[in-house]
Amino acid sequence: MSEEVLGPSGHGSVILEVGGDIGALVLETPPALAGTEIEISPTDGGARTHSAVRARQTAAGTSHAAVYPGLPAGDYVIWHHDGSPAGQVTVRGGEASRFSWPDPAE
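Reference entry: report on the structure contained in this document. In this text the structure is predicted, and so the values were computed from the model without any measurement.

**Regarding the overall build of the protein**
Secondary structure summary: the protein contains zero helices and eight strands in total. Start at the N end of the protein and walk to the C end: the helices and strands fall as β-β-β-β-β-β-β-β. For the protein, the proportion of its 106 residues judged to be buried stands at 30%. Once local pairs closer than 6 in sequence are excluded, the contacts in the protein between residues at least 24 apart make up 57%. Split by element, the accessible area of the protein, about 6,400 Å² in all, is 52% carbon and sulfur.

**Concerning the sheet that holds strand β5 (residues 61-72)**
With respect to topology, four strands assemble into an open sheet ordered β4-β5-β1-β8, the strand pairing being mixed. The strands lining the two open edges of the sheet, one partner per strand, are β4 (54-58) and β8 (96-100). Between one strand axis and the next, the sheet turns through 40 degrees on average, direction left out of account. Sheet analysis places strand β1 (residues 22-29) next to β5, joined by seven bridges and oriented antiparallel. The residue of β5 that forms the bridge with Gly-23 is Leu-71.

**Description of the nonpolar core**
Leu-25, Leu-27, Ile-38, Tyr-68 and Ile-78 are the most contacted members of the largest nonpolar core, which totals 16 residues. Listing elements by their share of this core, those giving two or more residues are β1, β2 (37-42), β5, β6 (74-79) and β7 (85-91). Each residue touching Ile-38, except ones within four places of it in the same chain, is listed here: Leu-27, Thr-29, Leu-33, Thr-49, His-50, Ser-51, Val-53, Tyr-68, Ile-78, Trp-79 and Trp-101.

**Brief notes about the pairing of β6**
Sheet analysis places β2 next to β6, joined by three bridges and oriented antiparallel. Within the sheet, the bridge partner assigned to Pro-42 lies in β6 and is Tyr-76. The pairing of β6 with β7 spans six bridges and is antiparallel. Residue pairing in the sheet places Asp-75 in a bridge with Thr-90 of β7. Linking two consecutive strands that pair antiparallel, namely β6 and β7, is a turn of five residues; a positive phi of about 90 degrees is found at Gly-83 within it.

**Quick word on the sheet that holds strand β3 (residues 49-52)**
Here we have four strands laid out as an open sheet, ordered β3-β2-β6-β7, and antiparallel in their pairing. If you trace the sheet from one side to the other, it starts and ends with β3 and β7, each paired once. Averaged over all pairs of adjacent strands, the angle between their axes in this sheet comes to 30 degrees, without regard to strand direction.

**Re the side chain of Ser-51**
Counting through the fold element by element, Ser-51 comes out in strand β3. Ser-51 gets classed as buried once you look at its relative accessible area, which sits at 12%. A polar atom in the side chain of Ser-51 sits 2.9 Å from the backbone oxygen of Val-67. Beyond its immediate chain neighbours, meaning those up to four positions away, Ser-51 contacts Thr-36, Glu-37, Ile-38, Ala-66, Val-67 and Tyr-68.

What counts, and where the lines are drawn
- Residues numbered from 1 in each chain as written.
- Predicted model: local features only at pLDDT ≥ 70, side-chain atom pairs only at ≥ 80, totals over all residues.
- Heavy atoms only, no water.
- Helix = DSSP H or I, 4+ residues; strand = E, 2+ residues; numbered from the N terminus.
- Buried < 20%, exposed > 50% of the residue type's maximum accessible area, 1.4 Å probe, protein only.
- Contact = heavy atoms within 4.5 Å.
- Areas by Shrake-Rupley, 256 points an atom, 1.4 Å probe, with all protein chains shown as cover.
- Pairing = 2+ DSSP bridges.
- Axes fitted to C-alpha atoms, helices over the stretch in contact; angles between N-to-C directions.
- Core = buried A, V, L, I, M, F, W, Y, C linked by side-chain atoms within 4.5 Å.
- Polar contact = N/O pair within 3.5 Å; in protein donor to acceptor, adjacent residues only side chain to side chain.

Geometric values such as these leave the question of function open.
Rendered as structure tokens:
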């Protein structure tokens, strides 16, 4: 069974319910990663979760991001497809944290 490939998001299509010990993550990526599933997991262990990179259309233009709503506050590892870590981010309760996918030239 294949997963449906989603098109660009429209205005107001992502709802982030944050508060208390629950936050969210917006993982900004280059356009070349559109459609890619990117996994994250708590740094102290636990199950990985994934989200697809989609074009996000706003009044400022189009960007590309994977959105992870409803995350428990804590530190998370962002994973490359080869299993190596791409970075780490802290998600705080009541906030939407941001992380930019690392530039491969760096």
